[in-house]
Amino acid sequence: MPVFRRSSFDPMADHRTLFLQLALSVDALRFGEFTLKSGRVSPYFFNAGRFDSGAALAQLATCYADAVEAAGVEFDVLFGPAYKGIPLATALACEFARRGRDLPVAFNRKEAKVHGEGGMLIGAALEGRRVLIVDDVITAGTAIREALGLIRDAGGVPAGIVIALDREEAVDPAVSRRSASQTVAQEHGLPVVAVARMADLLELDAGNVPGVPHEALQAYRAAYGCE
């Protein structure tokens, strides 16, 4: 499987460009016609499950860490919502440890465990700690709201959310041009940090990245883009 390395690109490129190039290299970001759960036909599709090797996850974690540091979010522990958030939070913890910051990690189960230690949470204690949620995307916000409830129930203080790609897409353009990320941020008063956004994807066409359907992306954004 081809994996992009930082040395392959302009050393001045930031985490947004590096992430998108990495996503293209592992086929996590694809172009074509994709029917989404919402019924919309999208000219692109993002699947974080394609970051399925140690090298790809390590490079992805580097992009996440750069985005978090650039945003200046203050936090004490990483939380990965089941399922995709679990490897993402774990990989990010490893990257921060490489940078000299050893962070605790926690995640949730999908079903409560009734034997042994029981409960919905695994890993580090959250009580009294500022918690950064790590996930791939925010679609409807359901998983994030569930994670926020679990964190608060455990005595933790949500500090922010970091995702890989923000589609910057209105949930219901007929009602509001606000995206799922904007809705979650406003409802809970939390920063939502995206490693890259739809706007960054559009800018890739200006670079030397072949196959980016700029016109289709622009048309889709005009129809469904957020404010």
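Residues numbered from 1 in each chain as written. Predicted model: local features only at pLDDT ≥ 70, side-chain atom pairs only at ≥ 80, totals over all residues. Heavy atoms only, no water.

Going by an unreviewed UniProt entry, the protein carries the name Orotate phosphoribosyltransferase and comes from Cognatilysobacter xinjiangensis. Listed in UniProt under the heading Catalytic activity (unreviewed entry), the comment for the protein reads: "orotidine 5'-phosphate + diphosphate = orotate + 5-phospho-alpha-D-ribose 1-diphosphate". Here is the UniProt Cofactor (unreviewed entry) comment for the protein, exactly as written: "Mg(2+)". (UniProt positions renumbered as here; feature names shortened; annotations may be inferred.)

Student: Honestly, the packing of helix 2 (residues 54-71) against helix 3 (residues 85-98) in this entry has me stumped. Any pointers?
Tutor: A pair of packed helices is captured by two measures, namely the crossing angle of their axes and the spacing between those axes. Between helix 2 and helix 3, the shortest axis-to-axis distance is 8 Å and the interhelical angle comes to 75°. The angle between helix 2 and helix 3 places the two elements in the roughly perpendicular class. Contacts between helix 2 and helix 3 pair Leu 57, Leu 60, Ala 61, Thr 62, Tyr 64, Ala 65, Val 68 and Glu 69 from the former with Leu 88, Ala 91, Leu 92, Glu 95 and Phe 96 from the latter. Its residues assigned to classes, the contact of helix 2 with helix 3 shows 10 nonpolar, one polar and two charged. (Axes fitted to C-alpha atoms, helices over the stretch in contact; angles between N-to-C directions. Helix = DSSP H or I, 4+ residues; strand = E, 2+ residues; numbered from the N terminus. Parallel < 35°, antiparallel > 145°, perpendicular 65-115°, else oblique. Contact = heavy atoms within 4.5 Å. Nonpolar A, V, L, I, M, F, W, Y, C, P; charged D, E, K, R; others polar.)

Student: Would you mind showing me how to read the pairing of strand 9 (residues 176-179) here?
Tutor: Side-chain positions along a regular strand alternate between the two faces of the sheet. Pairing geometry for strand 8 (residues 170-172) and strand 9, over two bridges, is antiparallel. Opposite Asp 172, over in strand 9, you have Ser 176 as the bridge partner. Where strand 8 hands over to strand 9, the hairpin turn is made up of three residues, counted between the paired strands. (Pairing = 2+ DSSP bridges.)

Student: I'm lost on helix 1 (residues 15-25) in this one. Help?
Tutor: Quick reminder: α-helices carry 3.6 residues per turn. Residues three or four places apart thus point the same way. Of all 11 residues making up helix 1, eight are buried, and the element is well covered by its neighbours. Listing the buried residues of helix 1 in full gives His 15, Leu 18, Phe 19, Leu 20, Gln 21, Leu 22, Ala 23 and Ser 25. On the buried face of helix 1, the contacting elements are strand 1 (29-35), strand 2 (41-46), helix 2, strand 7 (157-166), strand 10 (192-197) and helix 6 (198-203). Following helix 1 by one or two positions, Asp 27 has its phi on the positive side, about 65°. (Buried < 20%, exposed > 50% of the residue type's maximum accessible area, 1.4 Å probe, protein only.)

Student: Where do I start with the confidence of the model for the protein in this structure?
Tutor: Per-residue pLDDT for the protein has a mean of 89; in total, 89% of the residues score no lower than 70. Scored below 50 in pLDDT, residues 1-12 shows 22 contacts in the model against residues more than four places distant or in partner chains. (pLDDT = per-residue confidence, 0-100.)

Student: So what exactly am I meant to see when it comes to the pattern of salt bridges here?
Tutor: Opposite charge on two side chains allows them to pair when their charged atoms are near. Summed over all chains, the structure comprises 15 salt bridges. Across the salt bridge formed by Arg 98 and Glu 95, the nearest N and O atoms sit 2.7 Å from each other. Highlighted residues: Arg 98 and Glu 95, both in helix 3, separated by three residues, approximately one helical turn. Accessibility expressed as a relative area gives 60% for Arg 98, which makes it exposed. Given a relative accessible area of 6%, Glu 95 falls into the buried group. (Salt bridge = Lys/Arg side-chain N within 4 Å of Asp/Glu carboxyl O.)

Student: So what exactly am I meant to see when it comes to the packing of helix 4 (residues 142-153) against helix 5 (residues 180-188) here?
Tutor: At a minimum axis separation of 11 Å, helix 4 and helix 5 run at an interaxial angle of 25°. When the interaxial angle is binned, helix 4 and helix 5 end up roughly parallel. Crossing of helix 4 against helix 5: the hand is right-handed. Residues Ile 144, Arg 145, Leu 148 and Arg 152 of helix 4 touch helix 5, and the partners they reach there are Thr 183, Val 184, Glu 187 and His 188. Residues of the contact of helix 4 with helix 5, tallied by class, amount to three nonpolar, two polar and three charged. (Left-handed = near helix turned anticlockwise from the far one by under 90°.)

Student: Help me understand unusual backbone geometry, please; the structure alone is not making it clear to me.
Tutor: Glycine aside, a negative phi is what most residues show, and trans is what most peptide bonds show. Here the residue pair Ala 82 and Tyr 83 is connected by a cis peptide bond, since its omega of 5° sits within 30 degrees of zero. Within the secondary structure, Tyr 83 is located in the loop between strand 3 (77-80) and helix 3. Positive phi values are uncommon outside glycine, yet Glu 168 reaches one of about 50°. On the secondary structure map, Glu 168 appears in the loop between strand 7 and strand 8. Its relative accessible area of 13% is what places Glu 168 among the buried residues.

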